[in-house]
Amino acid sequence: DLTAAMGQTIDPLRLMQRVTDRTLELIAAADGVMVGLANDHGVTYVCGAGHRVSHLGTRVDLESSLSGLAVRTGQLQRSDDTDADPRVDTAACRRLSVASLVCVPLSRMHETLGVLAVNATRPHAFTDDDVEVLTRLADFVSVAIGSACDLSRVSSQLLGLSQPTEASAEAAGSVNTSADTASRYVMGVLSPDTVTRIDCGQRIQRVLDHPTVLSMVFQPIVDLVTDEVAAVEALARFDVSPYRAPDVWFHEAHEHGLGVELELLAVTLALAQLPMLPNGVALTINAGPELVMCPRFVNAFLDVPAREVILELTEHTLVDDYPALIAALYELRRRGTRLSIDDTGSGFSSLAHILKLAPDFIKLDRDLVSGIDVDPVRRALAASLVTFAADTGAEIVAEGVETEDELEVLRRLGVRYAQGYHLGHPSALDALANRRRRPPASLRALHQTS
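Residues numbered from 1 in each chain as written. Predicted model: local features only at pLDDT ≥ 70, side-chain atom pairs only at ≥ 80, totals over all residues. Heavy atoms only, no water.

Engineer: I'm lost on the sheet that holds strand S4 (residues 77-79) in this one. Help?
Structural biologist: The six strands lie next to each other as S3-S2-S1-S6-S5-S4, forming an open sheet whose pairing is antiparallel. Of all strands in the sheet, those with a lone pairing partner are strand S3 (59-60) and S4, marking the two edges. Note that S4 and strand S5 (residues 100-108) share three bridges and pair antiparallel. Bridge pairing in S5 places glutamine 77 opposite cysteine 103. Most of the contacts of helix H2 (residues 12-26) go to strand S2 (residues 42-50), to which it runs at about 60 degrees, and overall it touches strand S1 (32-39), S2 and strand S6 (111-120). (Pairing = 2+ DSSP bridges. Helix = DSSP H or I, 4+ residues; strand = E, 2+ residues; numbered from the N terminus. Contact = heavy atoms within 4.5 Å. Axes fitted to C-alpha atoms, helices over the stretch in contact; angles between N-to-C directions.)

Given below as structure tokens:
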């Protein structure tokens, strides 16, 4: 949640850890880098990278260590051979196998915070250039760590003020949300993208927890020879304010690792409507490759007449594992489910992709269909895809048909099936009652076993 994210964002120890990691990468001769925080009792190493990180928590005295000397004087201290340097804590250096040591004081606003200690296991490891680089880093590291400490302190105070007393919470009869408000304010300043990301994930999770806000509408897919409804495509609609397009919901769900769950919910709701379809009309459902390869997806088909379902494979990313996808599709197609490839002519739906999957239907993307009556390039590409489909045993489905002129061109090109606002808007299933329900004989292959 936001409070946890805020803690991670302004955690001084996380910042100190990044400082040690980057410093170890920067100084090639270094075997280890540690940040020590100073108080009246000495310097305690709280973060480190590389050599002897297991000794975090070690404390050295202010009066008898090189780190202590750097803190006391506010000046960088360098020891090229700790075994022969009386300023160092010789016992600690031997215990930690530190032969070369550079201690950079970290201070801000005349207050000493601690020290950045860079060490090596061999004597004379560091050059004058290394020391110069560390000297120039001192101000930046001091300000970064000091600012993180200040942010952590004032944010904790703000959250402390926001916590309800037991009496006030009991009187309100509900959990006080002022702490969440304070967290949102702080993160809105420090990391607005984090607030957006968390809000998005919570919004998607609410849909999964309360699926009644998700419903399905159905758009007819028409046989252009007989003008009969051959199938309907199930499309998700989200009854959530403010409105967000379904594509946005699914895209964000995948970004948050919830894409399979949201797709599966939509598929389950669509399959539940299968008994309500007119006799002979197939149901087209959308699913991405990741969902198709999920066992829960195959299980969703156990209690439905699979031969009455067309699986429309939606793909907006490259398929990483074709053998696994083909194996999953084989199990579904063995039961009678037909396969359609979505968005051909855009995105990743290439001809190679189609050849590997051997679909029963190839859908022409709406961008290819739009304006096909006035664009010879679109007509030429569509014509080539019609020929390609015929040669591979597939049928073409044109989507996004908006005008009668587009429809007539598609008919002349030999496109058999089409959908779009010109043919029918997505709506409830009862809207199909006014259309002829039986598909032509040539389409009965939709309902035959392979």
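Let us keep going from here.
Engineer: So what exactly am I meant to see when it comes to the packing of aromatic side chains here?
Structural biologist: For any pair of aromatic rings, the description rests on two quantities: the centre-to-centre distance and the angle between the ring planes. The full count for this structure, using the stated rule, is four aromatic pairs. Aromatic side chains phenylalanine 238 and tryptophan 249 sit 4.6 Å apart centroid to centroid with 10 degrees between the ring planes, which places their arrangement in the stacked category. With a gap of eleven residues between them, phenylalanine 238 in strand S8 (residues 229-238) and tryptophan 249 in helix H9 (residues 246-255) connect regions that are remote in the sequence. Given a relative accessible area of 9%, phenylalanine 238 falls into the buried group. Here phenylalanine 297 and phenylalanine 301 contribute two aromatic rings whose centre-to-centre distance is 5.2 Å and whose plane-to-plane angle is 65 degrees, an arrangement assigned as edge-to-face. When its relative accessible area of 1% is taken as the criterion, phenylalanine 301 is described as buried. (Phe/Tyr/Trp six-rings, centres within 6.5 Å; stacked < 30°, edge-to-face > 60°. Buried < 20%, exposed > 50% of the residue type's maximum accessible area, 1.4 Å probe, protein only.)

Engineer: Would you take a moment to explain unusual backbone geometry for this structure?
Structural biologist: Backbone geometry follows two general trends: most residues other than glycine have a negative phi, and most peptide bonds adopt the trans configuration. A cis amide bond links serine 241 to the next residue, proline 242, at an omega of -5 degrees. Structurally, the position occupied by proline 242 is in the loop between S8 and H9. One non-glycine residue, serine 97, adopts positive backbone phi at about 55 degrees. Within the secondary structure, serine 97 sits in the loop between helix H4 (90-95) and S5. Not every positive phi belongs to a glycine, and alanine 358 is a case in point at roughly 50 degrees. Mapped onto the fold, alanine 358 is located in the loop between helix H14 (351-357) and strand S12 (361-364). Accessibility expressed as a relative area gives 47% for alanine 358, which makes it partly exposed.

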